[in-house]
Amino acid sequence: MVSGKNGSLSDADHAALANLRYRIRKFRQFSTKAAEKLGLSPQQNQALLAIKGLGSGEQMSVSTLTLRPGCICSRTYALA
């Protein structure tokens, strides 16, 4: 993305961002439906993805999990 003279985004940048946000929404809808078919809430699914996606050699903690998108803090603390 290239900023204009005053730091603003170009029309092409706005279009690219709008497209990215749309694709993310569509993926989240797909992910939510798939989780529901397995009997998981969206938050449970996001927590499992965060845990499985953690790099090798790293340890997951409750505080690390709360920083992940989609993992609601109050629900995550309930896991502890």
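Residues numbered from 1 in each chain as written. Predicted model: local features only at pLDDT ≥ 70, side-chain atom pairs only at ≥ 80, totals over all residues. Heavy atoms only, no water.

Overview of the overall build of the chain
Next, step 1: Counting its regular elements, the chain contains four helices and zero strands.
Next, step 2: Reading the helices (α) and strands (β) of the chain from amino to carboxyl end gives α-α-α-α.
Next, step 3: Residue burial in the chain is summarised as follows: out of 80 residues, 15% are buried.
Next, step 4: At a minimum sequence separation of 6, the contacts of the chain that also span at least 24 residues come to 15%.
Next, step 5: Of the roughly 6,400 Å² that the chain leaves accessible, carbon and sulfur atoms contribute 58%. (Helix = DSSP H or I, 4+ residues; strand = E, 2+ residues; numbered from the N terminus. Buried < 20%, exposed > 50% of the residue type's maximum accessible area, 1.4 Å probe, protein only. Contact = heavy atoms within 4.5 Å. Areas by Shrake-Rupley, 256 points an atom, 1.4 Å probe, with all protein chains shown as cover.)

Points about helix H2 (residues 42-52)
Next, step 1: For H2, the full list of buried residues reads Asn45, Gln46, Ala47 and Ala50.
Next, step 2: Where H2 is buried, its residues contact helix H1 (11-37) and helix H3 (62-66).

Section: the side chain of Ser31
Next, step 1: Structurally, Ser31 is set in helix H1.
Next, step 2: Setting aside anything within four residues of it in sequence, one finds Ser31 in contact with Asn45, Gln46 and Leu49.

Some remarks on the packing of aromatic side chains
The geometry of two aromatic rings is summed up by the distance between their centres and the angle between their planes.
Next, step 1: One pass over the structure, following the stated rule, counts one aromatic pair.
Next, step 2: With centroids separated by 6.2 Å and ring planes inclined at 40°, the aromatic side chains of Phe27 and Phe30 adopt a geometry described as tilted. Linking Phe27 with Phe30, this pair stays in helix H1, spanning three residues, or about one helical turn. (Phe/Tyr/Trp six-rings, centres within 6.5 Å; stacked < 30°, edge-to-face > 60°.)

Some points on the confidence of the model for the chain
Next, step 1: When the pLDDT values of the chain are averaged, the result is 80; 79% of them are 70 or greater.
Next, step 2: When pLDDT is averaged over each element of the chain, H1 comes out on top at 94 and helix H4 (residues 73-79) at the bottom at 51. (pLDDT = per-residue confidence, 0-100.)

Notes on the packing of H1 against H2
Next, step 1: With their axes 9 Å apart at the nearest point, H1 and H2 run at an angle of 100° to one another. With respect to their mutual orientation, H1 and H2 come out roughly perpendicular. Contacts between H1 and H2 pair Ser31, Thr32 and Ala35 from the former with Pro42, Asn45, Gln46 and Leu49 from the latter.
Next, step 2: Taken together, the residues that form the contact of H1 with H2 break down as three nonpolar, four polar and no charged. (Axes fitted to C-alpha atoms, helices over the stretch in contact; angles between N-to-C directions. Parallel < 35°, antiparallel > 145°, perpendicular 65-115°, else oblique. Nonpolar A, V, L, I, M, F, W, Y, C, P; charged D, E, K, R; others polar.)

Remarks on H1
Next, step 1: In this model, H1 (27 residues) spans 39 Å end to end at C-alpha, consistent with the 39 Å of a helix rising 1.5 Å per residue.
Next, step 2: The set of residues buried in H1 consists of Asp13, Ser31 and Ala35.
Next, step 3: Residues of H1 that are buried sit in contact with H2.
Next, step 4: Positive phi appears at Gly39, one or two residues downstream of H1, with a value of about 80°. (Expected span 1.5 Å × (residues − 1).)

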